[in-house]
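Residue-level structure breakdown
Read off the chains here:
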Amino acid sequence: MQGAEKGTGSSRRIVGVLDIGSFKIACLIAVISPGAANPIRIAGVGHVPSRGVKSGVIVDLGEAEHSIRAAIAQAERMAGVRLSEVAISISCGRLMSQTFAASAQITHGIVYPEDLAKLQSGGRAYAERGGRRLIHLNPVGYRLDGAPGMREPLGMAAQKLSADLHAVTVDEAPLRNLLFVIERCYLTPNPLLPAPYASALAATSEDERRVGVICLDIGGGTTSIAAFQDGQYIFSESIPVGGMHITLDIARALQTPLEEAERIKALYGTVGGAQSDEHEVFSYPLAGDEDAPPLQSTKAQLAGLVRPRLESLLRLAADRIGQSAVLTGAPARVVLTGGTSQLPGVADLTASVVKRPVRAGRPRQVSGLPPLMSGPAFAGVVGVLLSSFEDQSQLMPAQHGVRRPHGYLGRVGQWLKDGF
């Protein structure tokens, strides 16, 4: 179910959103009531460990489907509804963004919606060259007959409409695999949002996005970047490295099971260097030998494993931001989010690497959201939900994602059409 709630006004609707990560899969079902004191109210939540997903990519269809079904079922039971459509965040397929100019001649001398649609069509064709798949397209700014600074050109007189467009694309095969898993759960995936964009919506403020901000989401399998300026989404990228790689480093160095390495990281992980860390000792089992006595290490030794990997990741992110040449004229703040950002000392390390002001980010409060899902690790799924309610006027007026046809026959027809 996704639409007007039974027995209510047509403006009240139920939406389902899904975040498919490498470490967890989260689902939220909410009642959207525009104009109410609490316009977004969580009705159901689902949260399960992720299986069959690596660095945002589906690597096992069966396991991924099982995990997604479990998260959705939890949320549906709590909300007392059945979803037919779900909005999802996308981090797979070498997510990248580009900004380019597009132009269209105005036939009637006045800018009409069809003129904007024509502009978008040309932008979509340009962005999807080379086998890439467009999942997001937004205007950064318009020009009428060469005059810049236009925010809303509809109804204005001109002979030529131009726009700087920001497009986010992914490789088609990983996206198709993800959509296929969602459809095996009898759901229509609509709309699709870039995962960095979703995290930024939840963790940054409108004022920050207006003056310029970079959101860095350090997740389990991927680290995503989203940049905003003048309230517009201007850059995105995803790096296939995250907190799980730190866990692997710990497991290999200490020769302990992955589950134990994750526990050690969560309880004792830090990138700082307090003197007391030398004396804080923890015990852990040896992998493959249950009868062996527990081994011991110190928090300082653990920091020596965590810091190099995290520092390398942050330098990679800083390089990507520098190569993009976005926000070069101002010291735009970096907002950290994602589960790995909760490790002590991450904000200070990030500031020293990216040479910008840094603050820790958390998703905005939403009525009914449980405390367990109010931390940085859940910024992505909260951001997808916020996008379902907040003004989307910055998006092009036609579809900007990949909309799948409704119904079994419609989906089969689309697969045949895509195949030929």
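Report follows, based on the coordinates. Given the structure is predicted, the values throughout are model-derived calculations rather than measurements.

1. Considerations on the packing of aromatic side chains
A full pass over the atoms with the stated rule returns six aromatic pairs. Measuring from ring centre to ring centre gives 6.1 Å for Tyr 197 and Phe 228, while their planes differ by 25°; the resulting arrangement is stacked. Highlighted residues: Tyr 197 in helix H4 (residues 195–203) and Phe 228 in strand E14 (residues 223–229), separated in sequence by 31 residues. The same class applies to Tyr 197 as to Phe 228, namely buried. Pairing Tyr 197 with Tyr 233 gives two aromatic rings, centres 4.8 Å apart and planes at 35°, and the pair type is tilted. With Tyr 197 in helix H4 and Tyr 233 in strand E15 (residues 232–239), this residue pair connects regions lying 36 residues apart in the sequence. Put simply, the rings of Tyr 197, Phe 228 and Tyr 233 pair up and form one aromatic cluster. Above the ring of Tyr 126, the side-chain terminus of Arg 129 is found at 3.9 Å from the ring centroid.

2. Examining the pattern of salt bridges
Tallied over the entire structure, the rule returns 19 salt bridges. Note that Asp 164 and Arg 143 form a salt bridge whose closest N and O atoms lie 3.1 Å from each other. Taken together, the positions of Asp 164 in strand E11 (residues 160–171) and Arg 143 in strand E9 (residues 132–144) put the pair 21 residues apart, joining distant regions of the chain. Between Glu 237 and Arg 320 there is a salt bridge, and its shortest N-O distance comes to 2.5 Å. In this pair, Glu 237 sits in strand E15 while Arg 320 sits in helix H8 (residues 299–324), placing the two residues 83 residues apart along the sequence. Of the residues examined, Arg 320 reaches a relative accessible area of 23% and is grouped as partly exposed. Connected through shared salt-bridge partners, Glu 65, Arg 69 and Arg 184 make up one network.

3. With respect to the environment of Val 354
Here Val 354 shows up in helix H9 (residues 346–354). Judged by relative accessible area, which is 13%, Val 354 ranks as buried. Separated by 32 residues in sequence, Val 354 and Gly 322 have C-alpha atoms that sit 9.3 Å apart. Residues in contact with Val 354, not counting those within four places in the same chain, are Ala 318 and Val 334.

4. Remarks on the packing of H4 against helix H10 (residues 379–387)
Where H4 contacts H10, the axes come no closer than 7 Å and their chain directions differ by 85°. As summarised for this structure, H4 and H10 are arranged roughly perpendicular, according to the angle between their axes. Note on element contacts: H10 touches H4 through Ala 379, Gly 380, Val 382, Gly 383, Val 384, Leu 386 and Ser 387, opposite Ala 198, Ser 199, Leu 201 and Ala 202. Along the lines of polarity and charge, the residues of the contact of H4 with H10 split into seven nonpolar, four polar and no charged.

5. Regarding helix H3 (residues 172–184)
Between its first and last C-alpha, H3 extends 18 Å over 13 residues, near the 18 Å set by a 1.5 Å rise per residue. Along H3, the residues classified as buried are Pro 174, Leu 175, Leu 178, Leu 179, Val 181, Ile 182 and Glu 183.

6. A word on the nonpolar core
One finds Leu 18, Ile 20, Ile 68, Ile 88, Ile 90, Ile 135 and Ile 182 to be the most contacted residues of the largest nonpolar core, which totals 44 residues. The next biggest cluster of nonpolar side chains, apart from the first, holds 36 residues, and it includes Ile 250, Ala 251, Val 326 and Val 354.

7. A few points about the side chain of Lys 265
Within the secondary structure, Lys 265 sits in helix H7 (residues 258–268). Looking at Lys 265, its side chain comes within polar contact range of the main-chain oxygen of Gly 243, at 3.0 Å. With residues near it in sequence (within four places) discarded, Lys 265 still touches Gly 243, Met 244, Ile 246, Thr 247, Ile 250 and Leu 343.

8. A word on the pairing of strand E13 (residues 213–218)
Most of E13 is tucked away, with six of its six residues classed as buried. Covered by surrounding structure in E13 are Val 213, Cys 215 and Asp 217 together with Ile 214, Leu 216 and Ile 218, the residues of both alternating faces. Judged from the six bridges that link them, E13 and E14 form a sheet pairing that is antiparallel. Within E14, the position partnered with Asp 217 by the bridge is Ser 224. With antiparallel pairing between neighbouring strands as the criterion, E13 and E14 make up a hairpin whose turn holds four residues. Where E13 meets strand E18 (residues 333–337), five bridges bridge the pair, whose relative direction is parallel. Counterpart to Cys 215 in the pairing with E18 is Val 335.

9. Notes on the pairing of E14
In terms of burial, E14 is largely enclosed, as six of its seven residues are buried. In the sheet, E14 pairs with E15 via seven bridges, with the strands oriented antiparallel. Each bridged residue has a counterpart across the sheet, and for Ser 224 the counterpart in E15 is Ser 238. The hairpin formed by E14 and E15 contains two residues between the paired strands, and Asp 230 there has a positive phi angle of roughly 55°.

The rules we used
Residues numbered from 1 in each chain as written. Predicted model: local features only at pLDDT ≥ 70, side-chain atom pairs only at ≥ 80, totals over all residues. Heavy atoms only, no water. Phe/Tyr/Trp six-rings, centres within 6.5 Å; stacked < 30°, edge-to-face > 60°. Helix = DSSP H or I, 4+ residues; strand = E, 2+ residues; numbered from the N terminus. Buried < 20%, exposed > 50% of the residue type's maximum accessible area, 1.4 Å probe, protein only. Lys NZ or Arg CZ within 6 Å of the ring centre and 35° of its normal. Salt bridge = Lys/Arg side-chain N within 4 Å of Asp/Glu carboxyl O. Contact = heavy atoms within 4.5 Å. Axes fitted to C-alpha atoms, helices over the stretch in contact; angles between N-to-C directions. Parallel < 35°, antiparallel > 145°, perpendicular 65-115°, else oblique. Nonpolar A, V, L, I, M, F, W, Y, C, P; charged D, E, K, R; others polar. Expected span 1.5 Å × (residues − 1). Core = buried A, V, L, I, M, F, W, Y, C linked by side-chain atoms within 4.5 Å. Polar contact = N/O pair within 3.5 Å; in protein donor to acceptor, adjacent residues only side chain to side chain. Pairing = 2+ DSSP bridges.

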